[in-house]
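Observations on the model geometry
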Amino acid sequence: MRLIDRDEVRRRLSYELCIPIVRDAMIAFSKGETKQTLRTIIPLADGRLFGVMPGAMGARAVFGAKLISVFPDNFAKGVQSHQGVVVLFDPDNGAPICIAHAGEITAIRTAAASAVATDALARKDASRLALLGYGEQAHTHARAISNVRKLSAITVWGRAPERAQHFAEKAQAELGIPVTPAPSARVAAVDADIICTVSSAKEPILEGKWLRPGTHVNIVGSSYAGPTEVDHDVVTRARFFADSREGVIAQGAEFLYAKQAGLIGDDHIAGEIGQVLAGDVDGRQSAEQITAYKSLGHIVQDLASAWALYKEPA
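Given the structure is predicted, the values throughout are model-derived calculations rather than measurements.

The buried fraction of helix 4 (residues 136-145) is high, at eight of ten residues. The set of residues buried in helix 4 consists of Gln137, Ala138, His139, Thr140, His141, Ala142, Ala144 and Ile145.

Okay, here's the thing in structure tokens:
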């Protein structure tokens, strides 16, 4: 059995490789070519989680599962918040053939999925990115979004100003793009063309009234029906897309809270991002329209990424 460790994932799973992989995986998912169940999430103490995500890329294709722990407090310790394994099984004989580092795959493919959505939904001239959050996903999103739009500036906000400043300095040195810490989430958001919420916030940090016409929002940080990063106005004002319609209706916190408030129904989901990519559903309909993509993360993204690494020699 092959082991693909964190260093190998980081070295080989570039955004140039991963973005097309995730794009193709989401099209296959929305066309019904893949097989999967809703993730199972076991709540642990202190906001920690353990998740199990099984799936198959097709009836006769590679299959497997991701076993993942989510410990938000790890960030303060300099440790990944998401840790676990992606296990691949041989589609011909059913044998387990590979264990890959799930934390690093998750970090990269989540940002790649947001980049795919941004490329499909954001205005072509979108150049100003706001990151609400300064953890690992903020770094990966800055890298991924810069692969699909020519960014002129990035702003970052988080609750600890010194960490936001440190992020800004590090990201600017890496990307060669001006990166500025903002004193508030509102200041970060009001002039942005693209906003990524990549935090561990339990209550909304982004308000819909701050959004300019034409803004695109990637709602990423909350991956189950609990914490919510954006308020009802973000959800209701946007042409709203999901990675998985079934998943968001069952586990998309921001969507569920707006629905429970009686503000929207299930038909508020305009479509899955895979349907937009395949040309089956319209994405952005005007330059002034606000668009939003709710990312829960999906097993097909993990399997496709791990399989690509497994198939090619290190």
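The rest of the description comes next.
Okay, a nonpolar patch on the surface next. A contiguous nonpolar patch, built from Ile42, Leu44, Phe50 and Leu67 and spanning about 310 Å² of accessible area, is present on the exposed surface. As for its position among the elements, Ile42 is in strand 3 (residues 40-43). We classify Ile42 as partly exposed; its relative accessible area is 42%.

This next bit is on unusual backbone geometry. Of note, Asp46 is a non-glycine position whose phi angle comes to about 60 degrees, a positive value. By secondary structure assignment, the location of Asp46 is in the loop between strand 3 and strand 4 (49-56).

It is worth spelling out the pairing of strand 3 at this point. Looking along a regular strand, one sees the side chains alternate between the two faces of the sheet. Relative to strand 4, strand 3 is paired through four bridges, and the arrangement is antiparallel. Each residue of the ladder has a partner; that of Pro43, found in strand 4, is Leu49. If you look at the hairpin formed by strand 3 and strand 4, you'll find five residues sitting between the two strands, and Asp46 has a positive phi there, around 60 degrees.

A few words on the pairing of strand 15 (residues 291-294). Residues Thr291 and Tyr293 line one face of strand 15 and the alternating positions Ala292 and Lys294 line the opposite face, and both faces are buried. Here strand 13 (residues 239-242) runs beside strand 15; their pairing, made up of four bridges, is parallel. Within the sheet, the bridge partner assigned to Ala242 lies in strand 15 and is Lys294.

For the rest of this paragraph, the subject is the pattern of salt bridges. Pairing between side chains of opposite charge can happen when their charged atoms approach one another. Scanning the model with the defined rule gives 20 salt bridges in all. Here Arg48 makes a salt bridge to Asp73, at a shortest N to O gap of 2.5 Å. You can see Arg48 sitting in the loop between strand 3 and strand 4 and its partner Asp73 sitting in the loop between strand 5 (63-70) and strand 6 (82-89), a full 25 residues away along the chain. The partly exposed category is assigned to Asp73, whose relative accessible area is 28%. We note a salt bridge from Asp266 to Lys259, for which the minimum N-O separation is 2.6 Å. Judged by its relative accessible area of 31%, Lys259 falls in the partly exposed class.

Parameters and conventions
- Residues numbered from 1 in each chain as written.
- Predicted model: local features only at pLDDT ≥ 70, side-chain atom pairs only at ≥ 80, totals over all residues.
- Heavy atoms only, no water.
- Buried < 20%, exposed > 50% of the residue type's maximum accessible area, 1.4 Å probe, protein only.
- Helix = DSSP H or I, 4+ residues; strand = E, 2+ residues; numbered from the N terminus.
- Patch = residues over 30% accessible without salt bridge, like charges linked within 9 Å, V, L, I, M, F, W, Y side chains within 5 Å.
- Areas by Shrake-Rupley, 256 points an atom, 1.4 Å probe, with all protein chains shown as cover.
- Salt bridge = Lys/Arg side-chain N within 4 Å of Asp/Glu carboxyl O.
- Pairing = 2+ DSSP bridges.

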